[in-house]
Amino acid sequence: MTKGFTLKASEPMVNGFDPADIERLPPRTRRQVGDRERLLGPGYRLFYEEPVEIVRGAGTLLYDADGNDYLDVYNNVTSVGHCHPYVVEAIHRQLSTLNTNTRYLQQSILGYSEQFLATMPAELGHVMFTCTGSEANDLAMRVARYYTGNQGIIVTSGAYHGLTADVSAFSPSLGVGVPLGPHVRTITAPDRLRHGGDLVTTMVREMREAIGDLQRHGFGIAAFIADTIFSSDGIYADPAGFLQPVVEAVHDAGGLFIADEVQPGFGRTGRHWWGFQRHGLVPDIMTTGKPMGNGIPIAAAAFRPELLVEFGRNIRYFNTFGGNSVSIAAAQAVLDVINDEGLIGNAERVGNYIQSEITTLASGYEQIAEVRGAGLFVGVDIVTDRDSNTPDGEATLRVVNHMRRRRVLLSASGPRGSVLKIRPPLPFSIEDADRMLENLAVVLGEELH
Ligand SMILES: Cc1ncc(COP(=O)(O)O)c(C=O)c1O
């Protein structure tokens with residue numbers, strides 16, 4: 001039986017290697033895992049019961065040392081494909097020419113910013129660059145607090161927004177080992193399966209209660225921050241627009257809405273560049289990161305300009321590496337590739353195909369409660385039975401590890417690790433999808449019956 005690596009009994013099951021299983025690994029893997037533990041210490045985690053060593057990537061494929069290919073159904077960092085030649089060339093060219101910071105005038109950052117801001121509503125008029133999504137959220141929250149004069153933050157109950165001291169304090173998915181700040185409140189995740197038709201009513205009521213509670217405790221409301229595809233909550237895209245009344249409640253109370261686009265951004269959800277567009281919203285601040293430089297560390301926050309007037313006057317912002325020449329070259333190349341290769345359309349077309357094929361496959365299984373998502377971000381909700389809809393993290397991990405043995409790499413999400421997470425690079429083709437689906441059909445047949 002698949003073992004989920006759990007840090008503590010109260011923590012969710014996650015797709016991870018359990019260090020207690022080290023003796024079961026093949027010799028080379030065992031040695032590498034041991035060396036990691038010895039050199040990197042105990043804070044890191046590896047995917048899968050049997051971790052995968054990869055030595056090379058190309059497009060949607062990863063390769064191990066023996067030349068076996070693995071289908072990558074998970075990476076939204078190398079979002080335009082592993083080692084995309086156009087991106088590699090752009091980085092190489094820039095690295096051979098100049099790599100310096102934002103304290104000098106450079107035309108490339110201006111050209112990029114112009115195009116980046118043009119992908120979003122005109123209300124978002126300034127962009128500031130960081131190295132990671134955590135830093136972008138940290139900056140966004142500093143600005144939100146400065147502008148509103150309030151400290152309170154509201155997130156969904158399974159949210160992840162990053163790793164700094166400040167941001168991890170509003171990332172409940174990190175579990176009980178990382179306590180939420182006293183100024184943080186959570187609202188329910190947009191889980192239609194378990195909240196039924198009352199989802200929006202429930203979320204708005206909980207939002208009003210959370211705001212009231214923050215006000216009573218003297219924190220006030222600075223911002224509601226949401227990952228607009230709710231990846232760590234379990235992947236929730238529908239009904240499109242459900243976030244609008246929730247955000248309205250925040251604005252009514254004088255708080256800001258921060259759209260965390262680290263996961264859905266750069267076209268992953270198909271049709272739009274950004275996840276908030278699915279909800280017909282214009283955020284006050286938008287943050288992004290992971291897919292922005294196809295693996296080169298670059299992230300950003302975009303703002304309504306009025307939010308930065310006082311902040312910019314009184315606070316000096318310098319980020320040594322954020323927005324440096326090479327990271328901007330990478331980001332520009334990613335933008336070019338998304339446009340030139342029509343990757344947003346591909347995300348929609350192939351994503352719809354995957355969702356509809358898995359929906360057909362799922363009809364034969366009592367343990368699949370829902371197939372959902374948008375574009376190339378698809379979730380498969382696995383339960384013990386459809387009457388209770390009890391999340392079944394164990395079964396999900398069995399599927400994940402069995403797929404890994406068949407060299408198809410995906411993972412699990414949601415507070416119980418019970419939602420199969422299908423989130424491949426954007427150039428994922430129909431042929432790639434078919435390879436995944438053929439394997440999934442076999443694995444579901446063996447693991448869910
Ligand atoms: C929704 C979301 N926000 C923020 C982050 C943090 O980004 P980074 O790891 O680049 O700091 C992540 C990372 O997984 C994320 O999924």
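Each remark here, short or long, concerns the structure printed above.
Here goes a summary of the coordinates provided. The structure displayed is predicted, hence computed values, not measured ones.

## Topic: empty space enclosed by the protein
One pass over the full model with this rule turns up one cavity of 30 Å³ or more. Roughly 50 Å³ of volume is contained in the largest cavity.

## Quick look at the sheet that holds strand E8 (residues 256-260)
Spatially, E4-E10-E9-E8-E7-E5-E6 is the arrangement adopted by the seven strands of the open sheet, whose pairing is mixed. Looking at the sheet topology across the chains shown, the edges are occupied by strand E4 (126-130) and strand E6 (184-187). Averaged over all adjacent pairs, the angle separating strand axes in this sheet is 20 degrees, with direction ignored. As judged from the three bridges shared by E8 and strand E9 (residues 285-288), these two strands associate in the parallel manner. If you follow Ile258 over to E9, its bridge partner there is Ile285. Seen against the sheet, helix H3 (residues 107-118) touches E4, E9 and strand E10 (299-303) and runs at an angle of roughly 120 degrees to E4. Packing against the sheet, helix H7 (residues 199-216) makes contact with strand E5 (152-156), E6 and strand E7 (221-227), and its axis sits at approximately 165 degrees to E6.

## Structural notes on the environment of Thr148
With respect to the helices and strands, the residue Thr148 is situated in helix H4 (residues 133-148). Along the sequence, Thr148 and Gly254 sit 106 residues apart, while their C-alpha atoms lie 7.4 Å from each other. Filtering out sequence-adjacent residues up to four positions away, Thr148 remains in contact with Ile221, Ala222, Gly254 and Leu256. One polar contact links the side chain of Thr148 to the main-chain carbonyl oxygen of Ala144, over a distance of 2.8 Å.

## Digging into the pattern of salt bridges
Enumeration over the complete set of coordinates arrives at 21 salt bridges. Among the salt bridges present, the one from Glu89 reaches Arg93, with a minimum N-O distance of 3.4 Å. With Glu89 and Arg93 both in helix H2 (residues 85-95) and four residues apart, the pair spans about one turn of that helix. By relative accessible area, which is 47% here, Arg93 ends up partly exposed. Glu209 is the partner of Arg205 in a salt bridge, and the nearest nitrogen-oxygen pair spans 3.7 Å.

## Looking at the site of the ligand
The environment of the ligand is made up of Thr132, Gly133, Ser134, Asn137, Tyr160, His161, Gly162, Asp227, Asp260, Val262, Gln263 and Lys290. Within the side chain of Asp260, a nitrogen or oxygen atom sits 2.7 Å from a nitrogen atom of the ligand. Here the ligand loses 85% of its free accessible area of 390 Å² to cover by the protein chains. The dominant element in the shell around the ligand, judged by the number of residues it contributes, is H4, at three residues. For the shell around the ligand, a count of residues per class yields two nonpolar, seven polar and three charged.

## Considerations on the nonpolar core
Residues Phe116, Phe224, Ile354 and Met436 are the most contacted members of the largest nonpolar core, which totals 96 residues. Residue contributions to this core peak at nine residues, all from helix H10 (residues 325-340). Residues contacting Met436, with those up to four places away along its chain left out, are Leu71, Val73, Ile354, Ile358, Met403, Val408 and Ile422. Core analysis: the second largest hydrophobic core is formed by 22 residues, Ala140, Val143, Val155 and Val184 among them.

## Some words on the packing of H7 against helix H8 (residues 243-252)
Between H7 and H8, whose axes approach to 9 Å, the crossing angle comes to 15 degrees. Relative to H8, the element H7 lies roughly parallel. Here the hand of the crossing between H7 and H8 comes out right-handed. Of the residues in H8, those in contact with Val200, Met203, Val204, Met207, Arg208 and Ile211 of H7 are Pro245, Val246, Ala249 and Val250. Grouping the constituent residues of the contact of H7 with H8 by class yields nine nonpolar, no polar and one charged.

## Observations regarding helix H13 (residues 430-447)
Under the 1.5 Å per step criterion, the end-to-end length of H13 is 25 Å for 18 residues, consistent within 8% with the ideal 26 Å. On the buried face of H13, the contacting elements are strand E3 (69-72), helix H11 (343-362), strand E11 (368-374), helix H12 (393-405), strand E13 (408-409) and strand E15 (419-422).

## Re the packing of H3 against H10
Where H3 meets H10, the closest approach of the two axes is 10 Å, and the angle between their N-to-C directions is 35 degrees. Crossing handedness for the pair H3 and H10: left-handed. Of the residues in H10, those touching H3 at Ser108, Ile109, Gly111, Tyr112, Gln115 and Phe116 are Ile328, Ala331, Gln332, Leu335 and Asp336. For the contact of H3 with H10, a count of residues per class yields six nonpolar, four polar and one charged.

Parameters and conventions
- Residues numbered from 1 in each chain as written.
- Predicted model: local features only at pLDDT ≥ 70, side-chain atom pairs only at ≥ 80, totals over all residues.
- Heavy atoms only, no water.
- 1 Å grid on protein atoms, 1.4 Å probe; cavity = no way out; pocket = protein on both sides within 12 Å on 5 of 7 lines; lining within 4 Å.
- Points joined across faces, edges and corners; volume = space filled by probe spheres on them.
- Pairing = 2+ DSSP bridges.
- Helix = DSSP H or I, 4+ residues; strand = E, 2+ residues; numbered from the N terminus.
- Axes fitted to C-alpha atoms, helices over the stretch in contact; angles between N-to-C directions.
- Contact = heavy atoms within 4.5 Å.
- Polar contact = N/O pair within 3.5 Å; in protein donor to acceptor, adjacent residues only side chain to side chain.
- Salt bridge = Lys/Arg side-chain N within 4 Å of Asp/Glu carboxyl O.
- Buried < 20%, exposed > 50% of the residue type's maximum accessible area, 1.4 Å probe, protein only.
- Near = heavy atom within 4 Å.
- Areas by Shrake-Rupley, 256 points an atom, 1.4 Å probe, with all protein chains shown as cover.
- Nonpolar A, V, L, I, M, F, W, Y, C, P; charged D, E, K, R; others polar.
- Core = buried A, V, L, I, M, F, W, Y, C linked by side-chain atoms within 4.5 Å.
- Parallel < 35°, antiparallel > 145°, perpendicular 65-115°, else oblique.
- Left-handed = near helix turned anticlockwise from the far one by under 90°.
- Expected span 1.5 Å × (residues − 1).

These results come straight from atomic positions and should not be treated as a statement about function.
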